[in-house]
Amino acid sequence: MTVTALIPVRTMNLVMPLAHKATARRTTDTAAPVQARSRAVSPVIGTGLRQDDVDSMHRRSTRPATPGTRTSTTATRTTTTWRPRAEFALSADSTPPAFQDLLQAYLDCCQGKRNTASALAFEARLEANLIELHEELLSGQYQPGRSICFVITRPKPREVWAADFRDRIVHHLLYNHISPRFHARFVAGSSACIPGRGTLYAAQRLEHSVRSITQNWSRPAHYLKCDLANFFVAINKRVLFAQLAQQVQTGWWLDLAHTVLFHDPRTNVEVQDSAGLLARVPAHKSLFNAPTDLGLPIVNLSSQFFANVYLDTLDQYAKHQLKARHYVRYVDDFVLLHESPQQLHQWLQAIDAFLPERLGAHLNPRKTILQPVDRGIDFVGQVIKPWHRTTRPRTLATALHRIEHMPDVDTYAAGNSYLGLVRQASHSHKERAAICRALLKRGHAVEGMHLTQAFRKKESSL
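Residues numbered from 1 in each chain as written. Predicted model: local features only at pLDDT ≥ 70, side-chain atom pairs only at ≥ 80, totals over all residues. Heavy atoms only, no water.

A. Representation of the overall build of the protein chain. When helices and strands are counted, the protein chain shows 15 helices and 17 strands. Taken as a whole, the protein chain presents about 25,600 Å² of accessible surface, with 53% of it coming from carbon and sulfur. (Helix = DSSP H or I, 4+ residues; strand = E, 2+ residues; numbered from the N terminus. Areas by Shrake-Rupley, 256 points an atom, 1.4 Å probe, with all protein chains shown as cover.)

The following block contains the structure:
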């Protein structure tokens, strides 16, 4: 049996002359003719006017005009005057956060840190603590609390400032609200503290740029690698706040950004290390010795995000003023590629003059490198060489030394962590084999085919 379906064919006259007198536009349905009605705008949706259309015959609109909208009643189209985008941003930035936003910030803050002492203490009275924090934020009485300062010695002595768990929730709250507008304007070569743009992204993008400029290693090229001197300690807060104010309009969220940015953690700090260990940190790298309007505490999410906003000025300068096609930055380390070393030297001089003038920052001359790319580019823990990308030898040596000397209870987690790290390189079999041999000596079993995983010891062997 054959079934024939009758599909209506609709033809529409979309040409409408702009006249003072109402014009008619008719629709013809070959299956079910509809009686045409004379009006300025035809029934495009159903049999009535579209929202905001104007009926020139009856001089009426489908709904009253709203402020900021101008409607023409003598023509067959509407003319709309849109409000500037800044007014919409101002409205959003003036609205305090809802409780659900604070709850989401808490959940983000807990990821990977829920079993820490500060997180467990906050969770013990979770509902009361969140309500209290929300009320403080709405009333404008919120002030950051005590920070913890300690020293790490690898790869070199450095101060770490960790905010209280309560304050870290506020950092996530601020980041969740204002970061998307900044991420949208960041250049593609910018990475670190951007979703999907970690160390692996930076290494792969640099490798792609090198392959592009050398035509898959068939042509010579050079690279310029630079590093900023005492970066986090030397960040100018006033310059940074002006950069934030360009995207975050005057309102509640800008006030919160000001509170977080200009908080001085030295006024309320708990130092967990001895004076001797603190003395190992060079004086010019210590936040204790920085002026009041300079320096951000390392580790906090807000500091990492603010650092990206701060150096976006450099990114825009490199891409749009210097016209550098190949540019990659991770925190304060950045690389530029070009066929001519003379051009890279000119860019170095331009950047060296630009940074103090615009940001108050300076290059570290001891870490400025200009040489051919085929010698290898050491960047974000990996070395990019012709046709392969490997783990930095110093990183591998540190991993092997730690696995050999750390307590038995830590070798399982650390070994798998190092295996995951070296697997980011495109050619990592040798490094994985070395780590697996070190784990075998400590009594762990390893996955033998791909060398990607270590297994726990049996309880009886511990």
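B. Expanded view of the environment of Lys-237. Within the element layout of this structure, Lys-237 appears in helix H8 (residues 237-247). By relative accessible area, Lys-237 is classed as buried at 3%. The spatial distance from the C-alpha of Lys-237 to the C-alpha of Gly-295 is 7.2 Å, given a sequence separation of 58 residues. When sequence neighbours within four positions are dropped, the list of residues in contact with Lys-237 reads Leu-261, Phe-262, His-263, Thr-292, Asp-293, Leu-294, Gly-295 and Leu-296. (Buried < 20%, exposed > 50% of the residue type's maximum accessible area, 1.4 Å probe, protein only. Contact = heavy atoms within 4.5 Å.)

C. Main features of the pairing of strand E8 (residues 222-227). Burial within E8 is extensive, with six of its six residues counted as buried. Sheet topology places E8 next to strand E11 (residues 333-338); six bridges connect them, and they run antiparallel. Across the sheet, the residue bridging to Cys-226 is Phe-334, located in E11. The sheet contact formed by E8 and strand E12 (residues 369-372) spans four bridges and is antiparallel. (Pairing = 2+ DSSP bridges.)

D. Quick peek at the packing of helix H2 (residues 99-110) against helix H4 (residues 126-139). Where H2 contacts H4, the two axes come as close as 10 Å, and the packing angle between them is 120°. Considered as vectors, H2 and H4 are oriented oblique to each other. Considering the relative orientation of H2 and H4, their crossing is right-handed. Taken together, the residues of H4 that come into contact with H2 (itself represented by Phe-99, Leu-102, Leu-103 and Tyr-106) are Leu-126, Leu-130, Ile-131, Leu-133, His-134 and Leu-137. Residues belonging to the contact of H2 with H4 are distributed by class as follows: nine nonpolar, one polar and no charged. (Axes fitted to C-alpha atoms, helices over the stretch in contact; angles between N-to-C directions. Parallel < 35°, antiparallel > 145°, perpendicular 65-115°, else oblique. Left-handed = near helix turned anticlockwise from the far one by under 90°. Nonpolar A, V, L, I, M, F, W, Y, C, P; charged D, E, K, R; others polar.)

E. Quick peek at the pattern of salt bridges. Applying the stated criterion across every chain, the model contains 10 salt bridges. Here Arg-329 and Asp-315 are joined by a salt bridge, their closest N and O atoms 2.9 Å apart. Here Arg-329 is found in strand E10 (residues 326-330), whereas its partner Asp-315 is found in helix H11 (residues 301-321), with 14 residues between them in sequence. Like Asp-315, Arg-329 is buried. (Salt bridge = Lys/Arg side-chain N within 4 Å of Asp/Glu carboxyl O.)

F. Examining the sheet that holds strand E14 (residues 382-385) more closely. Reading across the sheet, the three strands line up as E13-E14-E15 and stay open at both edges, with antiparallel pairing between neighbours. For this open sheet the edge positions go to strand E13 (377-379) and strand E15 (388-391), each flanked by a neighbour on one side alone. When strand polarity is set aside, the average angle formed by the axes of neighbouring strands in this sheet is 25°. One ladder, built from four bridges, connects E14 with E15; its direction is antiparallel. Considered in E15, the bridge of Ile-384 is made with Arg-389. Contacting E13, E14 and E15, helix H6 (residues 199-213) crosses the sheet at an angle of about 15° to E14.

G. Geometry of a positive patch on the surface. A cluster of like positive charges, contributed by Lys-156, Arg-158, Lys-285, Arg-366, Lys-367 and Arg-394, occupies part of the molecular surface. Position of Arg-158 relative to the elements: it lies in strand E6 (residues 158-163). (Patch = residues over 30% accessible without salt bridge, like charges linked within 9 Å, V, L, I, M, F, W, Y side chains within 5 Å. Lys, Arg positive; Asp, Glu negative; His and termini not counted. Charge placed at Lys NZ, Arg CZ, Asp CG, Glu CD.)

H. Layout of the side chain of Glu-207. Checked against the element boundaries, Glu-207 lands in helix H6. When sequence neighbours within four positions are dropped, the list of residues in contact with Glu-207 reads Ile-384, Arg-389 and Ser-426.

I. Looking closely at the packing of aromatic side chains. Applying the stated criterion across every chain yields a total of 13 aromatic pairs. Pairing Phe-231 with Phe-232 gives two aromatic rings, centres 5.1 Å apart and planes at 70°, and the pair type is edge-to-face. The exposure classification of Phe-231 matches that of Phe-232, with both residues buried. Each member of the aromatic cluster is reached from another via a ring pair, and the members are Tyr-175, Phe-182, Phe-305 and Phe-306. (Phe/Tyr/Trp six-rings, centres within 6.5 Å; stacked < 30°, edge-to-face > 60°.)

J. Examining the side chain of Thr-214 more closely. Mapping Thr-214 onto the fold places it in the loop between H6 and E8. Owing to a relative accessible area of 0%, Thr-214 belongs among the buried residues under this scheme. There is a polar contact of 2.6 Å between the side chain of Thr-214 and the backbone oxygen of Val-210. Apart from residues lying up to four places away in sequence, Thr-214 is in contact with Arg-219, Ala-221 and Val-373. (Polar contact = N/O pair within 3.5 Å; in protein donor to acceptor, adjacent residues only side chain to side chain.)

K. Representation of the environment of Thr-452. In this fold, Thr-452 is placed in the loop between strand E16 (445-446) and strand E17 (454-455). Here the alpha-carbon distance between Thr-452 and Ala-433, two residues 19 residues apart in the chain, equals 9.2 Å. Only 3.4 Å separates the side chain of Thr-452 from the side chain of Glu-447, close enough to count as a polar contact.

L. Molecular detail of the sheet that holds E12. The five strands lie next to each other as E7-E10-E11-E8-E12, forming an open sheet whose pairing is mixed. At either end of the open sheet lies a strand with only one pairing partner, and these are strand E7 (190-191) and E12. H11 rests against E7, E10 and E11 of the sheet, and its axis sits at about 170° to E10. Running over the sheet, helix H12 (residues 341-358) touches E8, E11 and E12 and is turned about 145° from E11.

M. Representation of the packing of helix H13 (residues 393-405) against helix H14 (residues 408-422). Orientation of H13 relative to H14, taken along the N-to-C sense of each, is 165°, at an axis distance of 10 Å. Comparing the axis directions of H13 and H14 gives the class roughly antiparallel. The hand of the H13/H14 crossing is left-handed. Here Thr-395, Ala-399, Arg-402 and Ile-403 of H13 come into contact with H14, specifically with Thr-411, Gly-415, Tyr-418 and Leu-421.

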